[in-house]
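# Examination of the molecular architecture
The primary structure of each chain is shown beneath.
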Amino acid sequence: MKKPLVLLLIALLAMLPALVWPGGNARVYASDPKITLTPAMVTNESGKGDATLLVDEQSAAGDPANGSGGSPTTSWVALWNMADYPASAYIDLGQSYNITGIYMWDTYDIGNLTVSAGSPGSWTSLFTYNTNNWMVWNAHTASVQTRYIRVTLADYHAQISEIVLYGTPVTGGDTTAPAAIANLSAPSSTSSSVTLNWTAPGDDGSTGTASSYDIRYSTSTITSGNWGSATQASGEPAPAAAGTGQSMTVSGLSASTTYYFAMKTKDEVPNESGLSNVVSKATAAASSIIKIPLDPSMVLNETATGNPEKLVDEQTLSGDPLHGSGGTPTTNYYPGGGFANSMVNSAIINLGQDYEIDNIFLYDPPYGPNGSYVKVYTGSPFQWTQQVSDPMTNTPGWINHPVSVPSTHYLKVEISDGGVQTNELVVYGRALGTNIDTVPSPSPHTLPTMDKLIGINGFNDDSTTKQQVAGNVREYHNWGWDEGDWAVPYAYPYPNNRNKFSPSYGASGGFDFDAYYHTMSAAGVSVVPTLIGGVNWLTANFADKPVPSGADPKLPASYAAHADHMFQYAARYGSTAVADNKLKLAPDQARSTGLGYIQYYEDWNEGDAKWSNRTTYFTPYEYAAMASADYDGDQGRMGNTFGIKNADPNGKMAMMGLAYPNVDYIRAMKVWSDYYRSGSFPADAINIHSYNFGPSNAGISPEAAGMKTQLEAFADYRNRYLPGKEFWLSEFGYDVNQSSPIHAPSIGTFSVNEVQAQWIVRSYLAAAAAGVDKAQMYMFRDVDVNSATQFDSSGLVSSKATGEVPRTSYYYVYTLKNTLAGMRYVGEQGSGNANVKIYKFKSATGSNGAYVVWAPTSNQTTVSGYQLSLTGSPTTASLVTMADGDTDGVSSAMTIAGGKVSVNVSERPVFVLTNDMQ
């Protein structure tokens, strides 16, 4: 806080002919008059706090430019949460002025504010002022012609009590009125509202942008003669550019009543248009208020924190609070814990159709922080109107918030303090029967062949020969290996990058990625570089979101440095050569482009990790912003040298693998994409991680964990809402160290290595059956088999230090890949036996196929002599059994009798190959 008792400073100020003077006596004298300002001129862009306090004490402010400034007392503070800043508001002077002086009464705190001129959406900064004085008028001379003045607070410390402007009106210009609107229409109504549509006229006739609308209504027809007695609507939108379609809902009307509507348009002078055409519309008959049916399936978690489904999971128990019979719900939406306490948490409820809303009830539990707000909004994503702000006073019971919302399809619940808890939301209103949601049918999706689906997680310094156990490698790749490797200091940060790939900065120049990618590409193995971590010239910590200090992580442009690197990566290794002058390479690098080694890229890893902190955690909207930058430079808005698509249109990007596999995270990304990218989702593959943890500090089989069912939920969402996108399972696996919380145990005579191998193979099969395009087990090699840390002993081979010696799982996975190469999953065949599971795979180009048969149990179940029915007209069949030490398995001929073969089934899958399959 400022220290008014620093008397020496005040004494020194008294001696200076400065622009700031205590007590309101600024030593700058203005010849231009003080401009009249009123609260009605203020538009609060942030929607936070009361921005009209900037101009509410103009009389008390006096005339500071001419030595008689007063001492105003009220200040605009947006909110007391740093996440709500920067906050902006602008003053519409009603016409253009030549501004010559800007005065602000500095008050009690120190922070930066910026004053700008221009027009909404197009601002030019005039100056930035640090409010480091105390109870003084701060004066700034100006020379700008503008109708609008904007004030932006950097944080809640930037406090002024009043702004005073000096200047003269711009005269002698505009005498042309806006054109009269001729296409006013009223397409719909409710029992209390009518929706109007029209096309915006111009400022001058039918060109430009006007300043304001005046919409009026009456129960009798409106003419120029009775216009003045018609009721004026409130909340008219600001005029858009000429030719733009606009609409408004006039509410507060009576049911079963015919209303007449007309409007006029004004420019900044103001010149006023003639009367529009007059349109009439009858409101609907009043219908009874109902308790709107809500359930958890309607809820979308915008911030991926807490479980907002609990807002609507006890609707029956909640009873009917509007009529005095409300129940006592017990579960609560509690986002808190860790960094969630300091962030705004929110969820959207999709009502499934349009509703008129009359009452919103919240249940206040007897716990949680007192005085922290739960807010409820109506509208649509990113276009919300606040209806409720409840302080949650810990007085147990239902709190009724009467509202008047003519129509909404969505509600939004926002909790500003993660410790706040509310048990249930109950909403009353009327169904309007419009915009009723329908669930799209799933689109067919072509599955990959198994040799392309089977993948591993690995590093560029793993054995390239042994990595051919898989068809694709998810290569962990530190961004720093290409740009400085955390050198301190680093002389070439963005935008003056000097990328190094061959050799790289990594391992003191020991990594050669050109050579690695070339070798793997020649072997037919697709490498997916997963760009992880930050760089020290941008962030303080490796895992921090890659944005500069002070930048907004919700904006794609904040990720320019990262998107620049994605472009450079794709420019070098993608299928398309780019102009040499777009390459940012160190002098020792071959100026290579379009090498054609890489098709897929992944731009981050586990940014939804809730075990970390807010600096590292991406909300779905924040990650969507980064993905938009990394994908195509935010659809080119950042320029043509950002994002992989601008370097290689054939390149594909997988979204970061989610540590917490939740469809809501992807749903929220799509909501962001629908609004900011017109529906273009900024990734070619959705991507999750899934580990089968059991209840007893051990792993469990994929069947026991319900792995296939979990994956099918993502595939179904993809097929319905993101057709054509891929779905990846980029991490799964089991440790062999028996102290790990996800270890594969021994089962009967099956060793730990045998069970790990079986469960990994069965996980690949579950992924294929669920509709996954790439499944990448974690990971190719051990970190340390003696470590109890989860995932340290999950390799197909031993650690690099011990020579990457293959274990049983290596040979089983290799056999799976080789045996089912060129085949796609086509379905599950009923076995008639709960202990026998059968998956069918068929050649993508021929009639041959394979049956994979196993017992989906974990107790060493066997079924001897199972009679497997074969489809089609096969004449030959063979059995392939996986074996330790063999990459192709052991093959033996089978006898077909009556269209069947006899198979001994165990928990280790076997393959029955036939030359014909239906």
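Residues numbered from 1 in each chain as written. Predicted model: local features only at pLDDT ≥ 70, side-chain atom pairs only at ≥ 80, totals over all residues. Heavy atoms only, no water.

## Description of the overall build of the protein chain
- Secondary structure summary: the protein chain contains 13 helices and 41 strands in total.
- Projected onto its principal axes, the C-alpha coordinates of the protein chain cover approximately 100 × 70 × 55 Å.
- Across the 918 residues that make up the protein chain, the buried fraction comes to 55%.
- Contacts spanning at least 24 positions in sequence make up 73% of the contacts within the protein chain whose residues lie at least 6 apart.
- About 35000 Å² of surface is accessible on the protein chain, with carbon and sulfur atoms providing 51% of the total.
- Computed over 51 positive and 79 negative side-chain charges, the inter-centroid distance for the protein chain is 4 Å. (Helix = DSSP H or I, 4+ residues; strand = E, 2+ residues; numbered from the N terminus. Buried < 20%, exposed > 50% of the residue type's maximum accessible area, 1.4 Å probe, protein only. Contact = heavy atoms within 4.5 Å. Areas by Shrake-Rupley, 256 points an atom, 1.4 Å probe, with all protein chains shown as cover. Lys, Arg positive; Asp, Glu negative; His and termini not counted. Charge placed at Lys NZ, Arg CZ, Asp CG, Glu CD.)

## Concerning the packing of aromatic side chains
- The final tally for this structure, using the stated rule, is 53 aromatic pairs.
- Look at tryptophan 198 and tyrosine 213: their rings are 5.3 Å apart centre to centre, the planes differ by 85°, and that puts the pair in the edge-to-face class. Pair noted here: tryptophan 198 is in strand β11 (residues 193-199) and tyrosine 213 is in strand β12 (residues 212-218), with a separation of 15 residues, a long-range link. Of the two residues examined, tryptophan 198 and tyrosine 213, each falls in the buried class.
- Ring geometry for tyrosine 778 versus phenylalanine 791: centroids 5.8 Å apart, planes at 75°, classification edge-to-face. (Phe/Tyr/Trp six-rings, centres within 6.5 Å; stacked < 30°, edge-to-face > 60°.)

## Remarks on the environment of aspartate 295
- When you line up the elements, aspartate 295 lands in the loop between β17 (290-291) and β18 (299-301).
- Judged by relative accessible area, which is 30%, aspartate 295 ranks as partly exposed.
- Distance in space between the C-alpha atoms of aspartate 295 and lysine 310 is 9.1 Å, their sequence separation being 15 residues.
- Among the polar contacts made by the side chain of aspartate 295, one reaches the side chain of serine 297 at a distance of 2.3 Å. (Polar contact = N/O pair within 3.5 Å; in protein donor to acceptor, adjacent residues only side chain to side chain.)

## Details of the sheet that holds strand β13 (residues 231-232)
- Strand order across the open sheet formed by 4 strands is β13-β12-β15-β16, with antiparallel pairing between neighbours. Pairing within the sheet leaves two strands with one partner each, and these edge strands are β13 and β16 (279-282).
- Bridging between β12 and β13 involves 2 bridges; their strand directions are antiparallel. What sits directly across from tyrosine 217, in β13, is threonine 231. (Pairing = 2+ DSSP bridges.)

## Considerations on the nonpolar core
- The biggest cluster of nonpolar side chains holds 125 residues, and the ones touching the most others in it are Tyr764 and Phe841.
- Among the elements that take part in this core, helix α12 (residues 752-770) stands out by supplying 12 residues, more than any other.
- Residues in contact with phenylalanine 841, not counting those within four places in the same chain, are Met450, Leu765, Ala768, Leu820, Met823, Arg824, Tyr825, Val826, Gly849, Ala850, Val852 and Met917.
- Core analysis: the next-biggest nonpolar cluster, separate from the first, contains 34 residues, Leu37, Tyr85, Leu113 and Val151 among them. (Core = buried A, V, L, I, M, F, W, Y, C linked by side-chain atoms within 4.5 Å.)

## What about the pattern of salt bridges?
- For the coordinates displayed, the defined rule picks out 33 salt bridges.
- A salt bridge links aspartate 580 to arginine 591; the shortest N-O distance between them is 2.8 Å. Taken as a pair, aspartate 580 in the loop between α7 (560-573) and β29 (600-602) and arginine 591 in the loop between α7 and β29 lie far apart in primary sequence, 11 residues in all.
- What emerges from the salt-bridge pattern is a single network uniting Asp461, Asp462, Arg781 and Glu804. (Salt bridge = Lys/Arg side-chain N within 4 Å of Asp/Glu carboxyl O.)

## A look at the side chain of histidine 477
- Checked against the element boundaries, histidine 477 lands in strand β27 (residues 472-478).
- Residue classification places histidine 477 among the buried positions, given a relative accessible area of 0%.
- Looking at histidine 477, its side chain comes within polar contact range of the side chain of aspartate 482, at 2.9 Å.
- Setting aside residues up to four positions removed in sequence, histidine 477 forms contacts with Asp482, Phe513, Tyr517, Thr530, Leu531, Ile532 and Tyr569.

## Structural notes on the pairing of strand β10 (residues 185-189)
- With 3 bridges joining them, β10 and β11 adopt antiparallel strand pairing. In the sheet register, serine 185 faces β11, and the bridge partner there is asparagine 197.
- Where β10 hands over to β11, the hairpin turn is made up of 3 residues, counted between the paired strands.

## Let's talk about the packing of helix α11 (residues 707-721) against α12
- Axis separation between α11 and α12 bottoms out at 8 Å; the angle between their running directions is 35°. For the element pair α11 and α12, the recorded crossing hand is right-handed. Contacts between α11 and α12 involve Met707, Lys708, Leu711, Glu712 and Ala715 from the former and Ser763, Ala766, Ala767, Ala769 and Ala770 from the latter. (Axes fitted to C-alpha atoms, helices over the stretch in contact; angles between N-to-C directions. Left-handed = near helix turned anticlockwise from the far one by under 90°.)

## Here we look at the packing of α7 against helix α8 (residues 620-632)
- Viewed as axis vectors pointing N to C, α7 and α8 meet at an angle of 35°, and their least axial separation amounts to 8 Å. Considering only the axes of α7 and α8, their crossing is right-handed. Across from His562, Ala563 and Met566 in α7, the residues of α8 making contact are Met626, Ala629 and Asp630.
- A per-class count over the contact of α7 with α8 returns 4 nonpolar, 1 polar and 1 charged. (Nonpolar A, V, L, I, M, F, W, Y, C, P; charged D, E, K, R; others polar.)

## A closer look at empty space enclosed by the protein
- Evaluation of the coordinates by the stated rule reveals 1 cavity of 30 Å³ or more.
- Its boundaries defined by the atoms lining it, the largest cavity holds a volume of some 30 Å³.
- Every residue along the wall of the largest cavity is listed here: Leu447, Pro448, Met450, Leu453, Ala768, Val772, Arg824 and Tyr825.
- When residues of the lining of the largest cavity are traced back to their parent elements, those giving at least two are α4 (450-453) and β34 (823-829).
- Taken together, the residues that form the lining of the largest cavity break down as 7 nonpolar, no polar and 1 charged. (1 Å grid on protein atoms, 1.4 Å probe; cavity = no way out; pocket = protein on both sides within 12 Å on 5 of 7 lines; lining within 4 Å. Points joined across faces, edges and corners; volume = space filled by probe spheres on them.)

## Some thoughts on the sheet that holds strand β14 (residues 245-251)
- Pairing within the open sheet is antiparallel, and its 3 strands lie in the order β10-β11-β14. If you trace the sheet from one side to the other, it starts and ends with β10 and β14, each paired once. Taking each pair of neighbouring strands and ignoring which way they run, the sheet shows an average axis angle of 25°.
- Relative to β14, β11 is paired through 7 bridges, and the arrangement is antiparallel. Residue pairing for β14: asparagine 197 is matched across the bridge by serine 247.

## Brief notes about the pairing of strand β6 (residues 112-119)
- With 8 bridges joining them, β6 and strand β7 (residues 122-130) adopt antiparallel strand pairing. The partner of valine 115 across the bridge, within β7, is phenylalanine 127.
- Here β6 folds back onto β7, and the loop between the two strands holds 2 residues, one of which, glycine 121, carries a positive phi near 90°.
- Judged from the 6 bridges that link them, β6 and strand β8 (residues 136-153) form a sheet pairing that is antiparallel. Paired with glycine 118 across the strands is tyrosine 148, a residue of β8.

## Let's talk about unusual backbone geometry
- Omega for the peptide link from valine 488 to proline 489 comes to -10°, which places this bond in the cis form.
- Turning to its location among the elements, proline 489 is positioned in the loop between β27 and α5 (506-509).
- Look at the link from serine 502 to proline 503: it is a cis peptide, with omega at -5°.
- If you check the backbone angles, serine 508 has positive phi at about 55° while not being a glycine.
- On the secondary structure map, serine 508 appears in helix α5.
- A positive phi angle is found at serine 678, which is not glycine, with a value near 55°.
- Mapped onto the elements of the fold, serine 678 is located in the loop between α10 (663-676) and β31 (685-689).
- On the basis of relative accessible area, serine 678 is assigned to the exposed category, the value being 73%.

Distances and angles like these do not, on their own, reveal function.
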